[in-house]
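Here is what each chain is made of, one letter per residue.
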Amino acid sequence: MKSFKAQLEQKKAAGLYRQRRITQGPQSTQLMVDGKKVINFCSNNYLGLANHPAINEAFKKGIDRYGSGSGAAHLINGHSAAHHALEEELAEFTGYARCLLFSTGYMANLGVVQAMLGRGDVVLQDRLNHASLLDAALLSGARFSRYAHASVEAARILLLKNAQQHSMLLTDGVFSMDGDIAPLPELAHACQQYDSYLMLDDAHGMGVLGENGRGCMEHFDLDASAVPVLMGTLGKAFGTAGAFVAADEEIIEYLIQHARTYIYTTAMPAALAEATRASLKLVQTESWRRDKLKQLIKTFRQAVSEMGYELMDSETPIQPLVIGDSHQAMKISQQLLDQGIHVGAIRPPTVEEGSARLRITFNAEHSFEQLQQLVNALQEIRT
Ligand SMILES: *Cc1c(COP(=O)(O)O)cnc(C)c1O
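**Let's talk about the sheet that holds strand β9 (residues 229–233)**
Piece 1. The strand order β4-β10-β9-β8-β7-β5-β6 describes an open sheet built from 7 strands, whose pairing is mixed. Each edge of the open sheet carries a strand with a single partner, namely β4 (98–102) and β6 (143–147). Strand-to-strand twist in this sheet, taken as the mean axis angle between neighbours without regard to direction, amounts to 20°.
Piece 2. Strand contacts of helix α7 (residues 152–161): β5 (122–126), β6 and β7 (167–172), with the helix running at about 155° to β6, the strand carrying the most contacts.
Piece 3. Sheet strands in contact with helix α10 (residues 249–258) are β4, β8 (197–201), β9 and β10 (243–247), and its direction is about 25° off that of β4.

**Observations regarding unusual backbone geometry**
Piece 1. Residues Pro348 and Pro349 are joined by a peptide bond in cis, for which omega reads 5°.
Piece 2. Here Pro349 is to be found in the loop between β13 (344–346) and β14 (356–361).
Piece 3. Phi angles above zero are rare outside glycine, and Ala150 is one such case at about 60°.
Piece 4. Here Ala150 is to be found in the loop between β6 and α7.
Piece 5. Relative accessible area serves as the criterion here: at 27%, Ala150 is assigned to the partly exposed category.
Piece 6. Phi at Asp195 takes a positive value of approximately 60°, unusual for a residue other than glycine.
Piece 7. Along the chain, Asp195 falls in the loop between α8 (184–193) and β8.

Rules of the game
- Residues numbered from 1 in each chain as written.
- Predicted model: local features only at pLDDT ≥ 70, side-chain atom pairs only at ≥ 80, totals over all residues.
- Heavy atoms only, no water.
- Pairing = 2+ DSSP bridges.
- Helix = DSSP H or I, 4+ residues; strand = E, 2+ residues; numbered from the N terminus.
- Axes fitted to C-alpha atoms, helices over the stretch in contact; angles between N-to-C directions.
- Contact = heavy atoms within 4.5 Å.
- Buried < 20%, exposed > 50% of the residue type's maximum accessible area, 1.4 Å probe, protein only.

Written as structure tokens, this is what we have:
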């Protein structure tokens with residue numbers, strides 16, 4: 001029998017060993033981590049909705065009405081009125097004909113790509129796409145090529161080369177570890193030209209970008225005709241859990257018949273769908289949350305650029321500081337934690353070798369005092 005001990009030791013020696021920290025209490029700008037109160041700069045709770053009273057209340061009411069469990073998959077009898085209403089509201093919000101709920105973004109990506117592609121087909125993707133898109137491509141059995149990060153030129157070359165094949169081009173909207181935004185209008189144009197299905201994974205843009213929070217599509221003023229398949233997650237800016245795919249009638253019906261991660265899994269609890277409906281209302285109406293994020297991001301970038309850290313080209317709440325060495329990134333993350341500031345150190349294989357980083361993320365409910373504490377701590381470490 002194979003032993004995994006040596007590999008675990010190797011991970012430790014390389015500074016790549018991952019450990020979970022135990023948190024107590026709700027997700028907020030402050031958090032109890034390993035029994036200590038810290039300021040939280042590492043969650044994807046961008047709009048601060050993960051513990052919002054109106055959403056919590058809707059969740060509780062949903063339990064009173066639907067109970068805790070959904071009982072079965074959507075295609076058996078797990079598809080409640082709450083799920084259905086959420087799908088319709090998401091379709092209206094995103095401007096697509098239909099939406100389909102999935103239990104997680106990871107499963108949505110696997111389900112869509114596995115259903116829409118098979119052997120003999122081609123899948124193209126950005127080198128820095130999320131792991132779930134890479135896994136989706138592998139699972140589909142399609143031939144798979146990656147293009148240089150955010151390079152329309154490189155994508156075009158691959159599209160041209162594969163113009164005779166049935167293909168999809170997959171891209172993150174906001175890149176999860178870099179915070180930059182994909183060149184979506186240009187990619188959409190190239191995909192139309194070469195007859196390839198563009199799929200956008202807007203896990204980090206949805207709720208955050210655009211005047212009304214409709215994400216990268218709104219940021220670039222694109223509509224459903226430019227991006228045939230949109231995936232959005234509900235566990236980040238929306239503050240709940242789950243994901244949805246938005247597309248036209250035909251694609252959604254096709255996914256209901258063929259997406260295995262949709263068919264062979266229990267529906268999310270109906271109460272969770274009710275909570276997300278409440279969240280969707282707040283995402284649309286409380287645009288002050290997006291305005292506040294912009295102010296926090298601007299203030300942070302100004303303060304840190306004067307300290308000699310390497311900022312990345314990001315206008316989103318994901319503001320990584322590249323450190324390089326994994327041990328060093330871990331050390332700085334620990335120093336920050338000692339000062340009561342929780343920032344994740346992201347290391348390979350999540351990011352490329354030699355590009356370990358602090359992944360700082362903002363939440364609309366961070367105060368400017370909390371931001372200043374982060375800035376002060378980063379200054380102290382630097383000197
Ligand atoms: C988080 C994330 C996912 C996965 O979504 P979950 O709902 O957490 O499974 C997919 N794609 C990207 C780009 C993500 O950041």
